[in-house]
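Structural overview
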Amino acid sequence: MIDSETQLISVTIEGQMIGLPITAVRDVFAITRMTPVPRGGRAVAGLVNLRGHIVTILDLGALLGSRTGDRQAKGGDTMAVGVEWNGEVFGLVVDEIGDVLSLTSDSSEPMPANMGHTWARYTRRVHKLERDLLIEVDLQTLLDSMTLQAA
């Protein structure tokens, strides 16, 4: 029996490795200039002009409830992962961008039952890597919740 393989792009938020499904990722880009959105909510980092298109930038750490304060830039440009959802492009701000990983089901386990509500709702499973753990995010459910919050 062949294990199903999952490809994830690894990102880091507040020291935690997060995996996003590569099928949802359009690109990775640096943000050099961002326009704030008044009353945009804690998760809305701002707007950018990305190759002639206005893109809403969301703070993935704030969406997951893992960023307790404002995001602090660690020097250099802010990094984002571009994702397409319901025909619209969003940028997800992350602290660091890692590699594309090909993982099989034998490297993963379901999320522990004692996870916080937000993590339990928006994550799929945890993958055991050589030196770390990577939490796989259910990006569809996470972005769907943004629509419900806005409605």
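One numbering rule holds for all chains: residues counted from 1, following each sequence as written. The predicted nature of this model means local features are confined to residues of pLDDT at least 70 and side-chain atom pairs, given and counted, to a pLDDT of 80 or more, with totals for whole chains, interfaces and linings taken over all residues. Water and hydrogen atoms were dropped before computing side-chain values, which therefore reflect all heavy atoms in the structure.

Let's shift gears to the nonpolar core. By size, the foremost hydrophobic cluster in this structure holds 29 residues, and its most contacted members are Leu20 and Leu60. Runs of E in the DSSP output that reach at least two residues are strands. Runs of H or I that reach at least four are helices, and both are numbered from the N terminus. When residues of this core are traced back to their parent elements, those giving at least two are strand E1 (5–13), strand E2 (16–21), helix H1 (60–63), strand E6 (78–85), strand E7 (88–94), helix H2 (117–122), strand E11 (133–137) and helix H3 (139–150). The biggest single contributor to this core is H3, with 4 residues. Contact criterion: two residues are considered in contact whenever any of their non-hydrogen atoms come within 4.5 Å of each other. The residues touching Leu20, leaving out its near neighbours within four places in the chain, are Gln7, Leu8, Ile9, Val11, Leu60, Val81, Leu92, Val137 and Leu139. For our purposes a nonpolar core is just a set of buried Ala, Val, Leu, Ile, Met, Phe, Trp, Tyr and Cys residues, chained together by side-chain atoms within 4.5 Å. Burial here depends on accessible area, computed with a 1.4 Å probe over protein chains only, as a share of the maximum for the residue type. Under 20% is buried, over 50% is exposed, and the range in between is partly exposed. Core analysis: the next-biggest nonpolar cluster, separate from the first, contains 9 residues, Val48, Leu50, Val55 and Val93 among them.

What follows deals with the sheet that holds strand E10 (residues 123–128). One open sheet holds the 6 strands; their spatial order is E8-E1-E2-E11-E10-E9, and the pairing between them is mixed. Unpaired on one side and paired on the other, strand E8 (96–104) and strand E9 (108–110) mark the two borders of the sheet. Across the sheet, the axes of successive neighbouring strands diverge by a mean angle of 35°, strand direction being ignored. Note: two strands are recorded as paired if DSSP finds a minimum of 2 bridges between them. Here E2 pairs with E11 via 3 bridges, running parallel. Fitted lines through C-alpha atoms give the axes, limited to the stretch in contact for helices. The angle between two N-to-C directions lies from 0 to 180 degrees.

Now for the pairing of E2. Burial runs high along E2: 5 of the 6 residues are buried. Two elements, E1 and E2, share 6 bridges in a ladder whose sense is antiparallel. In the sheet register, Ile9 faces E2, and the bridge partner there is Leu20. The turn linking E1 back onto E2 is made up of 2 residues, and Glu14 within it adopts a positive phi angle of 50°.

A sheet is described by the order of its strands in space; here 5 strands give the open sequence E3-E6-E7-E5-E4, paired in mixed fashion. Here the strands that pair on one side only, and so sit at the sheet edges, are strand E3 (25–31) and strand E4 (44–50). Each neighbouring strand pair of the sheet contributes to a mean axis angle of 30°, computed without reference to strand direction. The sheet contact formed by E6 and E7 spans 7 bridges and is antiparallel. Note that in E7 the partner of Trp85 across the bridge is Glu88.

What follows deals with the environment of Gly91. By secondary structure assignment, the location of Gly91 is in strand E7. Residue Gly91 is classed as buried on the basis of its relative accessible area of 0%. Sequence-wise, Gly91 and Val55 are 36 residues apart; in three dimensions their C-alpha atoms are separated by 6.7 Å.

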